[in-house]
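A closer look at the structure
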Amino acid sequence: MKKIALLPSGSVSHEAVLYLLNGEPAEFVHFKLISDVFMATVEGKTDYSVIPIENTIEGSVSLHMDWLVNEVDMPMQVEWVYPSIQNLIGNASEFQAADGSMDFSKITKIWSHQVATAQCRQFLAAAAPQAELEQAGSTSEGVKIVKENPGKGWAAIGTALGAKTHGLDVLAERITDHDNNFTRFVLIGREPIRIPRAPEHVKTSILVTLPEDVPGALHQVLSAFAWRRLNLSRIESRPTKKRLGNYYFYIDVMAEADSVLLTAAMGEIEALGCLVRVLGSYPGYAYESK
Ligand SMILES: O=C(O)C(=O)C[C@]1(C(=O)O)C=C[C@@H](O)C=C1
């Protein structure tokens, strides 16, 4: 059975990978920190790691992208999109008003992952402006902290699965400010993984580092894709972390890496003096609500 490393039980990553596998058996190995999730597969303890890389509200999860690029050399094997449905979680008896309704003015602290907190800003400002916001390594870690500290007026933002896992109550459901709040996840690993449904698309992620002081270099790179009518779904610059002002471009191309057109485009870009690194060529799955 495939072993899959991911954030703690009840995290959005956990809900998301259960959705992707759709009943296919797998052994989950949970870690508190995303760096340990990455390293488990790099060190061969697991076959795949679940990495959230992009969110509708927060954009790129830069820390995770940087790990993919700088710290590990492990191909992306599949990407999929999953809605981040966040809830306010706690011990209902701590926040009950005399008439039985929920009194959120009693909340002193709210724990969560910073990306999840950012998705619920308007709700938090309206419902519990007095609450201090505390950062946890994942949404489920926030829920666990609340469970372990009863009677302090603490609450967490997390998934329904997280509330169930830690035996807490959902105080308010679906508190994200925008309904179209999705997160893009990837599985990194040495081998392709079989998913029991047809993919929506195939994508290749590449990193391009431009030669220094060559006028129009980015334009030339983009032309190599444009005249071949290769569709780019994302382009983003990130610092190389080697020298101030040095950036690489992270580019997603809607084609297979070994297709004639993309192979030729990458060859042309290299001939221009750029460095090209393929991070993965993989199937992608859209979210279909059941
Ligand atoms: O904390 C979790 O539950 C995670 O799975 C992590 C993560 C992220 O890092 O982006 C994933 C999706 C959510 O929208 C918020 C947090």
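These numbers come from a predicted model, not from an experiment. Residue positions are given per chain, counting from 1 as you read along its sequence in written order. In keeping with the model being predicted, local features are shown solely for residues with a pLDDT of at least 70 and side-chain atom pairs are shown and tallied solely at 80 or more, while totals for entire chains, interfaces and linings include all residues.

Some words on the overall build of the protein
Rule in force here: Where helices and strands are cited, they refer to DSSP runs of H or I of at least four residues and of E of at least two residues respectively, numbered from the N terminus. Only the C-alpha atoms count toward the radius of gyration. The rule for a globule is 2.2 Å times the residue count to the power 0.38. Using C-beta atoms placed from the backbone, we call a residue buried if 20 or more other C-beta atoms fall within 10 Å of its own, exposed if 12 or fewer do, and partly exposed for counts in between. Think of it this way: build a C-beta for each residue from its backbone, and any pair within 7 Å is a contact.
In terms of helices and strands, the protein carries nine helices and 15 strands. Computed over C-alpha atoms, the radius of gyration of the protein comes to 21 Å, within 12% of the 19 Å expected from 2.2 N^0.38 for 290 residues, which places it in the range of a compact globule. Reported as C-alpha extents along the three principal axes, the dimensions of the protein are approximately 75 × 45 × 35 Å. Residues counted as buried form 39% of the 290 residues belonging to the protein. Contacts in the protein between residues far apart in sequence, at least 24 positions, make up 74% of those at least 6 positions apart.

Things to note about the UniProt feature "domain: ACT" (unreviewed entry) in the protein
This is how it is decided: UniProt positions are given in the numbering used here, feature names are shortened, and annotations may be inferred rather than shown by experiment.
In the numbering used here, UniProt assigns the feature "domain: ACT" (unreviewed entry) to residues 206–283. As a span, residues 206–283 carries 28% helix and 36% strand, and end to end its C-alpha atoms are 15 Å apart.

A closer look at the domain arrangement of the protein
Here is the rule: Domain borders in the structure are assigned automatically or taken from a domain database. We call Asp, Glu, Lys and Arg charged. Ala, Val, Leu, Ile, Met, Phe, Trp, Tyr, Cys and Pro are nonpolar, and the rest, Gly among them, are polar.
Under the domain assignment used here, the protein contains domain 1 (3–83 + 181–189), domain 2 (87–172) and domain 3 (201–285). A separation of 24 Å is found between the C-alpha centroids of domain 1 and domain 2. Contacts between domain 1 and domain 2 engage 15 residues on the former and 15 residues on the latter. Taken together, the residues of the side of domain 1 that touches domain 2 break down into six nonpolar, six polar and three charged.

Let's talk about the site of the ligand
Short version of the rule: Near, for a residue, is defined by distance from a backbone-placed C-beta atom to a molecule or strand, with 6 Å as the limit that must not be exceeded.
Around the ligand, a shell composed of 15 residues is seen, among which Ser11, Ser13, Ser84, Ser138 and Thr139 lie nearest. At the level of secondary structure, the elements contributing two or more residues to the shell around the ligand comprise α1 (12–21), β3 (48–55), α4 (114–118) and α6 (139–148). A per-class count over the shell around the ligand returns six nonpolar, nine polar and no charged.

A short note on helix α3 (residues 62–71)
Keep this limit in mind: Each C-beta atom gives one direction from the helix axis, and the arc is the one those directions make.
Taken together, the buried positions of α3 are His64, Trp67 and Leu68. Take α3 and look down its axis: the buried residues cluster within an arc of 95°, on one side only. Where α3 is buried, its residues touch α2 (34–42), β3 and β15 (275–285).

Some remarks on the nonpolar core
Basically, it comes down to this: Among buried residues, those of type Ala, Val, Leu, Ile, Met, Phe, Trp, Tyr and Cys that are joined through C-beta atoms within 7 Å form a set called a nonpolar core.
Counting 47 residues, the largest nonpolar core has Val37, Val50, Ile51, Phe185, Val186 and Val208 as its most contacted members. Taken together, domain 1 (3–83 + 181–189) and domain 3 (201–285) each give at least three residues to this core, which thus spans both. With near-sequence residues (within four places) excluded, Val37 lies in contact with Ala5, Leu6, Leu7, Phe31, Ser49, Val50 and Ile51. Counting 23 residues, the second largest nonpolar core, distinct from the first, contains Phe95, Ile110, Val115 and Ala155.

Topic: the environment of Val278
Among the structural elements, Val278 can be located in strand β15. The partly exposed category is assigned to Val278, around which 15 C-beta atoms lie within 10 Å. Those residues in contact with Val278 that lie beyond four places of it in its chain are Thr204, Ile206 and Ala257.

Thoughts on the environment of Ile251
One can find Ile251 in strand β14 (residues 247–253). For Ile251, a count of 22 C-beta atoms within 10 Å gives the class buried. Setting aside residues up to four positions removed in sequence, Ile251 forms contacts with Ile206, Val208, Leu232, Arg234 and Ile235.

With respect to the pairing of strand β2 (residues 27–30)
This is how the line gets drawn: Strands are treated as partners if at least two bridges between them are detected by DSSP. Here, the term right-handed applies to a crossover whose path from the first strand over the helix to the second runs clockwise when the strands point away from the viewer.
Relative to β2, strand β1 (residues 3–6) runs parallel, the two sharing four bridges. Within β2, the position partnered with Leu6 by the bridge is His30. Chirality of the crossover, the property in question, places the unit of β1, α1 and β2 among those that are right-handed.

Overview of the packing of helix α8 (residues 217–226) against helix α9 (residues 260–271)
A packed helix pair is summarised by two numbers, namely the angle formed by the two axes and the spacing between the axes. This is how the line gets drawn: To get an axis, a line is fitted to the C-alpha atoms, and for a helix only the part in contact is used. The angle between two axes follows their N-to-C directions and goes from 0 to 180 degrees. We call two directions roughly parallel when the angle between them is under 35 degrees, roughly antiparallel when it is over 145, roughly perpendicular when it lies between 65 and 115, and oblique otherwise. If you view the pair so one helix is near and one far, a crossing is left-handed when the near helix is turned anticlockwise from the far one by less than a right angle, and right-handed when it is turned clockwise.
The geometry of α8 relative to α9 is characterised by a closest axis approach of 9 Å and an angle of 160° between their N-to-C directions. When the axis of α8 is compared with that of α9, the two are roughly antiparallel. Both α8 and α9 take part in a crossing whose hand is right-handed. Residues Val221, Ala224 and Phe225 of α8 form the contact with α9, whose own contacting residues are Ala265, Glu268 and Ile269. Its residues assigned to classes, the contact of α8 with α9 shows five nonpolar, no polar and one charged.

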